[in-house]
Amino acid sequence: MDARALLKLGFQYFAQKDYEKACYYFNKALEIDDHFIPAYSALCEALNRMGEIEKALNVVNKWLSLENKDAKAHFALARLYVQKGLIEQAEKELEIAKSLSPLEKSNK
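Residues numbered from 1 in each chain as written. Predicted model: local features only at pLDDT ≥ 70, side-chain atom pairs only at ≥ 80, totals over all residues. Heavy atoms only, no water.

Colleague: For this particular structure, what's the right way to read the overall build of the protein chain?
Modeller: Helices and strands together make up the secondary structure of the protein chain, namely 7 helices and 0 strands. Counting helices and strands in the order they occur from the N terminus, the protein chain gives α-α-α-α-α-α-α. With the C-alpha coordinates aligned to their principal axes, the bounding extent of the protein chain is approximately 40 × 30 × 25 Å. Out of the 108 residues belonging to the protein chain, those deemed buried represent 40%. For the protein chain, contacts bridging at least 24 residues in sequence account for 40% of all contacts bridging at least 6. (Helix = DSSP H or I, 4+ residues; strand = E, 2+ residues; numbered from the N terminus. Buried < 20%, exposed > 50% of the residue type's maximum accessible area, 1.4 Å probe, protein only. Contact = heavy atoms within 4.5 Å.)

Pasting the structure below:
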């Protein structure tokens, strides 16, 4: 099974709110392709929904180490910071996300 097929399978469990199984398949996708950005995004969100904020932070930081100009990653990090009560850091990440957003760039 390739990374995309594993991601799709993970999404099926995610839709059923079985986040633990979803995480299993998202991790399997990353074992096959550790640069597969959609799997980082999905894994981060599944962990967040399970209340595993620290694990989600680790995932989003790995994601950002691979793709630092991904507005979605910075937005995900901002959400996690808000949940941890780190409002100042969240605001900084939101500014970064906003500056990287294609929508923001088209409005300039």
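Colleague: How do you make sense of the pattern of salt bridges when you look at a structure like this?
Modeller: If charged atoms from side chains of opposite charge come close, those side chains can pair. Considering all chains together, one arrives at 5 salt bridges under this definition. Close ionic contact of E45 with R79 constitutes a salt bridge, the shortest N to O distance being 2.9 Å. Taken together, the positions of E45 in helix 3 (residues 37-49) and R79 in helix 5 (residues 71-83) put the pair 34 residues apart, joining distant regions of the chain. With a relative accessible area of 18%, E45 lands in the buried category. Classification of R79 as partly exposed rests on a relative accessible area of 34%. (Salt bridge = Lys/Arg side-chain N within 4 Å of Asp/Glu carboxyl O.)

Colleague: Is there a simple way to explain the side chain of H74 in this structure?
Modeller: If you trace the backbone, H74 turns up in helix 5. Given the relative accessible area of 5%, H74 is considered buried.

Colleague: Is there a simple way to explain the packing of aromatic side chains in this structure?
Modeller: Two descriptors summarise a pair of aromatic rings, namely the distance from one centre to the other and the angle between the planes of the rings. The full count for this structure, using the stated rule, is 4 aromatic pairs. Aromatic pair F11 and F26: ring centres 5.5 Å apart, planes at 65 degrees, arrangement edge-to-face. With a gap of 15 residues between them, F11 in helix 1 (residues 3-15) and F26 in helix 2 (residues 19-32) connect regions that are remote in the sequence. Note on F11: relative accessible area 40%, which makes it partly exposed. Looking at F26, the relative accessible area reads 0%, which means it is buried. Ring centres of Y13 and Y25 lie 5.6 Å apart, and the angle between their planes is 5 degrees; on these two criteria the pair is classed as stacked. (Phe/Tyr/Trp six-rings, centres within 6.5 Å; stacked < 30°, edge-to-face > 60°.)

Colleague: How should I be thinking about the packing of helix 2 against helix 3 in this particular structure?
Modeller: Packed helices, taken two at a time, are described by the angle their axes make and the gap between the axes. Packing of helix 2 against helix 3 brings their axes to within 9 Å, and their N-to-C directions diverge by 155 degrees. Put simply, helix 2 runs roughly antiparallel to helix 3. Like other packed secondary-structure pairs, helix 2 and helix 3 cross with a definite hand, here left-handed. Residues Y19, C23, F26, N27, A29 and L30 of helix 2 form the contact with helix 3, whose own contacting residues are A39, Y40, A42, L43, A46, L47 and R49. (Axes fitted to C-alpha atoms, helices over the stretch in contact; angles between N-to-C directions. Parallel < 35°, antiparallel > 145°, perpendicular 65-115°, else oblique. Left-handed = near helix turned anticlockwise from the far one by under 90°.)

Colleague: Looking at this structure, I do not really get unusual backbone geometry. What am I missing?
Modeller: Trans is the common state for peptide bonds, and a negative phi is the common state for residues other than glycine. Positive phi outside glycine occurs at K17, with the angle close to 65 degrees. Looking at where K17 falls in the secondary structure, it is placed in the loop between helix 1 and helix 2. On the basis of relative accessibility, which here comes to 62%, the residue K17 falls in the exposed class.

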